[in-house]
Amino acid sequence: MKLIIFLSKLEVMGLNSQILRLKSLFGGTVCGILVSLATGLVENGPKFGLPELKHYGFPLVWRVTDLNGPTEYMLANFAIDTAFWIAICFSAFFILEKIVLPKLEISVDYRAFFFPLVLFVPLGLVIDFVHEFGHAVWGTAVGGRLAYMKVTFLEIYPRFALTSQFVLGYVSFEGLTGSNYGVFLLGGALTTNIVAWVMALILLKMNLGNRTRIALNVLGLFGIFDLPFYVVFPQIGLQHWIFLGGCQPEPLLGARMMGIPDPIFYLMVVLTTFGLIFLYFKPLREKTAKIMKMLLARYLYVIR
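Sequence order as written defines residue numbering, which begins from 1 separately in each chain. With the structure being a predicted model, the display of local features is reserved for residues of pLDDT at least 70 and the display and counting of side-chain atom pairs for 80 or more, all residues being used for whole-chain, interface and lining totals. Side-chain measures were taken over the full set of non-hydrogen atoms in the model, leaving aside hydrogen atoms and water.

So, about the overall build of the protein. Only DSSP runs of H or I reaching four residues or more are called helices, and only runs of E reaching two or more are called strands; each is numbered from the N terminus. Scanning the protein for helices and strands turns up eight helices and five strands. Helices (α) and strands (β) of the protein occur, in sequence order from the N terminus, as α-β-β-β-α-α-β-β-α-α-α-α-α. A total of 304 residues make up the protein; the buried ones form 33% of that total. The contact rule is simple, with two residues in contact once any of their heavy atoms fall within 4.5 Å. Expressed as a percentage of contacts within the protein between residues at least 6 apart in sequence, the contacts between residues at least 24 apart total 54%. The method behind every accessible area is Shrake-Rupley, applied with a 1.4 Å probe, and residues are considered shielded solely by the protein chains displayed. Carbon and sulfur atoms form 71% of the exposed surface of the protein, whose accessible area is close to 18,900 Å². Each residue's exposure class comes from its accessible area (1.4 Å probe, protein chains only) as a fraction of the maximum for that residue type: buried when under 20%, exposed when over 50%, partly exposed otherwise.

Remark on secondary structure: sheet strands pair via backbone hydrogen bonds, oriented parallel or antiparallel. Note on pairing: DSSP must find at least two bridges between two strands before they are called paired. Spatially, the three strands line up as an open sheet ordered β1-β2-β3, and their pairing is antiparallel. Edge positions in the sheet fall to β1 (53–56) and β3 (69–73), since each has one partner strand and no second. Along the sheet, successive strands turn relative to each other by an average axial angle of 10°, direction set aside. Alignment of strand β2 (residues 63–66) against β3, held across three bridges, turns out to be antiparallel. Note that in β3 the partner of Val64 across the bridge is Glu72. Only the stretch in contact is used when a helix axis is fitted, and all axes are lines through C-alpha atoms; the angle between N-to-C directions ranges over 0 to 180 degrees.

For the rest of this paragraph, the subject is the pairing of strand β4 (residues 145–157). Judged from the eight bridges that link them, β4 and strand β5 (residues 161–174) form a sheet pairing that is antiparallel. Looking across to β5, one finds that Tyr148 is bridged to Ser172. Linking β4 to β5, which pair antiparallel, is a turn of three residues.

Once that is clear, we can look at helix α5 (residues 210–232). For α5, which comprises 23 residues, the first-to-last C-alpha distance of 33 Å matches the rise-based estimate of 33 Å (1.5 Å per residue) to within 8%. Its axis deflected by about 35° at Asp226, α5 carries its strongest bend there, up to four residues before the proline Pro228. Multiplying 1.5 Å by the residue count of a helix minus one yields the expected span of that helix. Two axes enter the definition of the bend at a residue: one is fitted to the seven residues ending there, the other to the seven starting there, and the bend is the angle between them.

What counts as a salt bridge is simple: a side-chain nitrogen of Lys or Arg found within 4 Å of a carboxyl oxygen of Asp or Glu. Under the criterion given, the structure shown has four salt bridges. Here Glu155 and Arg159 are joined by a salt bridge, their closest N and O atoms 3.4 Å apart. Residue classification places Arg159 among the partly exposed residues on the basis of a relative accessible area of 48%.

The next thing to look at is the nonpolar core. In these notes, a set of buried Ala, Val, Leu, Ile, Met, Phe, Trp, Tyr and Cys residues joined through side-chain atoms within 4.5 Å is what counts as a nonpolar core. The biggest cluster of nonpolar side chains holds 17 residues, and the ones touching the most others in it are Ile224 and Tyr280. Of all the secondary structure elements, the ones that give two or more residues to this core are α3 (110–141), α4 (178–205), α5 and α7 (262–280). If one sorts the elements of this core by residue count, α5 sits on top with six residues. Ile224 has contacts with Ala196, Thr273, Leu276, Ile277 and Tyr280, leaving out every residue within four places of it along the chain.

Let us look at the packing of α5 against α7. Running from N to C, α5 and α7 cross one another at 160°; their axes reach a closest spacing of 10 Å. In terms of orientation, α5 and α7 fall into the roughly antiparallel class. For the pair α5 and α7, the crossing hand works out as left-handed. Seen from α5, the contacting residues are Leu216, Asn217, Gly220, Ile224, Phe225, Leu227, Pro228 and Val231; seen from α7, they are Phe265, Tyr266, Val269, Thr272, Thr273, Leu276, Ile277 and Tyr280. Polar here means any residue outside two lists: the nonpolar Ala, Val, Leu, Ile, Met, Phe, Trp, Tyr, Cys and Pro, and the charged Asp, Glu, Lys and Arg; Gly therefore counts as polar. Its residues assigned to classes, the contact of α5 with α7 shows 12 nonpolar, four polar and no charged. Every angle not falling under 35 degrees, over 145, or within 65 to 115 is termed oblique; those three ranges are roughly parallel, roughly antiparallel and roughly perpendicular. By convention, the crossing between two helices is left-handed when the near helix turns anticlockwise from the far helix through less than a right angle, and right-handed when the turn is clockwise.

Residue Pro59 is reached from Phe58 by a cis peptide bond, and omega for that bond is 5°. In this model, Tyr157 is joined to Pro158 through a cis peptide bond whose omega is 10°. Relative to the assigned elements, Pro158 resides in the loop between β4 and β5. Here Thr152, not a glycine, exhibits a phi torsion of approximately 55°, which is positive. The buried category is assigned to Thr152, whose relative accessible area is 14%.

Here you go:
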């Protein structure tokens with residue numbers, strides 16, 4: 001009888017192990033394909049080359065755009081890149097499921113995981129548009145004239161058209177100088193930060209469905225980190241979103257043009273970022289509330 005029970009346990013363990021591998025394989029495959037496609041937006045060209053040619057893809061270049069011709073796709077390189085990223089993602093999923101999560105006694109709901117992952121790119125593009133639209137609004141508000149606006153492959157102004165060249169976001173104005181130009185520069189990240197605060201208030205005050213809450217959380221997270229990432233990353237040699245976006249600390253430069261001292265601006269960025277993180281992460285709020293109650297109880301006990 002004990003032997004039968006032991007064999008049954010072995011069969012269950014073997015089945016669980018097989019399910020774990022299938023989960024990791026599925027998750028790694030989906031994640032690897034998405035990452036490989038995303039690298040098609042990351043420039044990976046030679047430092048010295050023809051300026052009209054732009055190379056994209058990592059680790060191998062699989063998309064080459066030409067200002068004077070059509071875009072070239074190298075499918076063999078894309079297949080190699082995809083296999084590389086699938087292997088990386090599969091290993092990460094397997095280690096996470098097999099080693100890290102069991103030690104932490106945490107289980108992962110893959111359906112809950114993949115829904116935000118699916119929303120990541122479209123909502124990232126939404127916040128990208130909000131950022132550039134913010135530049136346009138603030139630039140117009142201080143008396144400038146919009147000259148050009150583009151988001152990803154879509155040219156929005158002066159004509160509405162699809163293009164072959166990818167730019168995460170670009171807006172140019174005429175007639176802006178000094179502090180007004182500073183408002184224009186700061187306006188993009190300031191707008192996404194305001195949107196993040198609005199999303200936080202909606203999540204706190206309204207009773208929403210689970211998927212709606214997830215979507216607003218993902219959108220809000222982009223809004224939270226748009227400002228600090230744009231301030232910090234370009235100063236250490238990275239781009240706005242590490243591999244994508246501007247190479248200059250645009251909000252910081254705008255604040256300087258407006259006459260805001262660096263220490264005050266940095267303090268504002270830190271306060272608004274941590275304030276938003278506090279609002280978006282319920283466990284952090286609950287833990288903070290417990291600590292505050294403990295401190296208050298100790299204080300009341302001491303003064304007695």
